[in-house]
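# Structural features, examined
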Amino acid sequence: NAGVTQTPKFQVLKTGQSMTLQCAQDMNHNSMYWYRQDPGMGLRLIYYSASEGTTDKGEVPNGYNVSRLNKREFSLRLESAAPSQTSVYFCASSVPGHSNQPQHFGDGTRLSIL
Amino acid sequence: GQQVMQIPQYQHVQEGEDFTTYCNSSTTLSNIQWYKQRPGGHPVFLIQLVKSGEVKKQKRLTFQFGEAKKNSSLHITATQTTDVGTYFCAGPETSYDKVIFGPGTSLSVIP
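Okay, so let's go over this structure. (Residues numbered from 1 in each chain as written. Chains lettered and ligands numbered in written order. Predicted model: local features only at pLDDT ≥ 70, side-chain atom pairs only at ≥ 80, totals over all residues. Heavy atoms only, no water.)

## Observations regarding the sheet that holds strand 8 (residues 71–76) of chain B
All names here are of chain B. Applied cut-off: What makes two strands pair is DSSP finding at least two bridges between them. By definition, any uninterrupted DSSP run of H or I lasting at least four residues is a helix, any uninterrupted run of E lasting at least two residues is a strand, and each is numbered from the N terminus. Fitting a line to C-alpha atoms yields each axis, with helices limited to the stretch in contact; the angle taken between N-to-C directions then spans 0 to 180 degrees.
Pairing in this open sheet of five strands is antiparallel, and the strands run 1-3-8-7-6 from one edge to the other. One side of each edge strand has no neighbouring strand; the edge strands of this open sheet are strand 1 (4–7) and strand 6 (55–58). The mean angle between the axes of side-by-side strands here comes to 15°, regardless of whether they run parallel or antiparallel. For strand 7 (residues 61–65) and strand 8, the ladder comprises five bridges, and the chain directions are antiparallel. Bridge assignment links glutamine 64 to a residue of strand 8, and that residue is serine 73.

Following this line, the structure appears as structure tokens:
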């Protein structure tokens, strides 16, 4: 009954370092999303994947890359971390459809870039 | 581009008082969702409204979708400390696979 699992939960990086945030869901959802959350700015979409093998840019994609490894997994990579990327990152998944299905979120990754 | 706005940004209430947050979209929405995020937690889906003028209740929470389907509200009657958190509305973007989240209303309840 895990739902959406994100790893790691916390991470501190130095400017210029790279890292990959992992996300996996066990609900057989087709759509997966990566958001960042900053104080007072709500949730901003970084990238999303409507189905296995497809990815699309969201509102704030610069500085990030994603990989939809299979139906379960959707990873987010920071190639060269910058202090502006300090944020809380949430992965979410949903069943796609015209009725706009609810999104299920992971617990988040709290990332600090020094 | 499409925008979803929420007011107020913050609300502090005494326990037992009522609370309302308002959500407004720059475009007509086919539906609207509401989520709650407890401090330190992740957003959790509360409800979805689809029909013009629709009103749904969940215990002390009342959700309403405007007649023009461009605005929505969440009203909490007699707040409790368990209501503390940030409430987000979200509406579908032109692509049905994406939603746009409002900035959220952060509710604090003073015991």
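Now that the structure has been shown, we can carry on.
## Here we look at unusual backbone geometry
Thr7(A) connects to Pro8(A) through a cis peptide bond whose omega is -5°. Examined against the element boundaries, Pro8(A) turns out to sit in the loop between strand 1 (4–7) and strand 2 (10–13). Of the consecutive residues Ile7(B) and Pro8(B), the connecting peptide bond is found in the cis state with omega at -5°. Secondary-structure assignment places Pro8(B) in the loop between strand 1 and strand 2 (10–14).

## Details of the pairing of strand 1 of chain A
Residues and elements named next belong to chain A. Applicable threshold: Residue exposure (1.4 Å probe, protein chains only): buried if accessible area is under 20% of the type maximum, exposed if over 50%, otherwise partly exposed.
Residues Val4 and Gln6 point to one face of strand 1 and are all buried, whereas Thr5 and Thr7, pointing to the other face, are not buried. Note that strand 1 and strand 3 (residues 19–25) share four bridges and pair antiparallel. Bridging across to strand 3, glutamine 6 finds its partner in cysteine 23.

## Remarks on the interface of chain A and chain B
Bring the parts together and some accessible area is lost; that lost area is often taken as the interface size. Operational definition: In this analysis, two residues are considered to be in contact whenever any of their non-hydrogen atoms come within 4.5 Å of each other. By definition, the buried area sums, over both parts, the 1.4 Å-probe accessible area that each loses when the two are put together. Definition used for salt bridges: Asp or Glu carboxyl oxygen within 4 Å of a side-chain nitrogen of Lys or Arg. By the criterion applied in these results, polar contacts are pairs of N or O atoms within 3.5 Å in which, for protein atoms, one can donate a hydrogen and the other can accept it, and in which residues neighboring in sequence qualify only through two side-chain atoms. Residues are grouped as follows: Ala, Val, Leu, Ile, Met, Phe, Trp, Tyr, Cys and Pro are nonpolar; Asp, Glu, Lys and Arg are charged; every other residue, Gly included, is polar.
Between chain A and chain B, the residue contacts involve 25 residues of the former and 21 residues of the latter. Summed over both sides, the interface of chain A with chain B buries roughly 1,800 Å², with 52% coming from carbon and sulfur. On inspection of chain A and its partner chain B, the count reaches zero salt bridges. Remark: the boundary between chain A and chain B carries five residue pairs in polar contact (both at pLDDT 80 or more). Of the residues forming the side of chain A that touches chain B, the biggest block, four residues, is contributed by strand 4 (residues 31–37) of chain A. Grouping the constituent residues of the side of chain A that touches chain B by class yields 11 nonpolar, 11 polar and three charged.

## Quick word on the environment of Gly53(B)
Residues and elements named next belong to chain B. Take glycine 53: it is sitting in the loop between strand 5 (44–49) and strand 6. In this structure, the C-alpha to C-alpha distance between glycine 53 and asparagine 71, residues 18 residues apart in sequence, is 9.9 Å. When residues no more than four places from it in sequence are discounted, the contact partners of glycine 53 are Phe65, Gly66 and Glu67.

## Brief notes about the pattern of salt bridges
This structure, assessed with the given rule, holds six salt bridges over all chains. Where Asp38(A) meets Arg44(A), a salt bridge forms, and the shortest distance between an N and an O atom there is 2.8 Å. For the residue pair Asp38(A) and Arg44(A), the accessibility class agrees, reading buried in each case. One salt bridge in this structure joins Asp83(B) and Arg60(B), with 2.9 Å as the shortest N-O distance.

No statement about biological role is implied by the geometric values presented.
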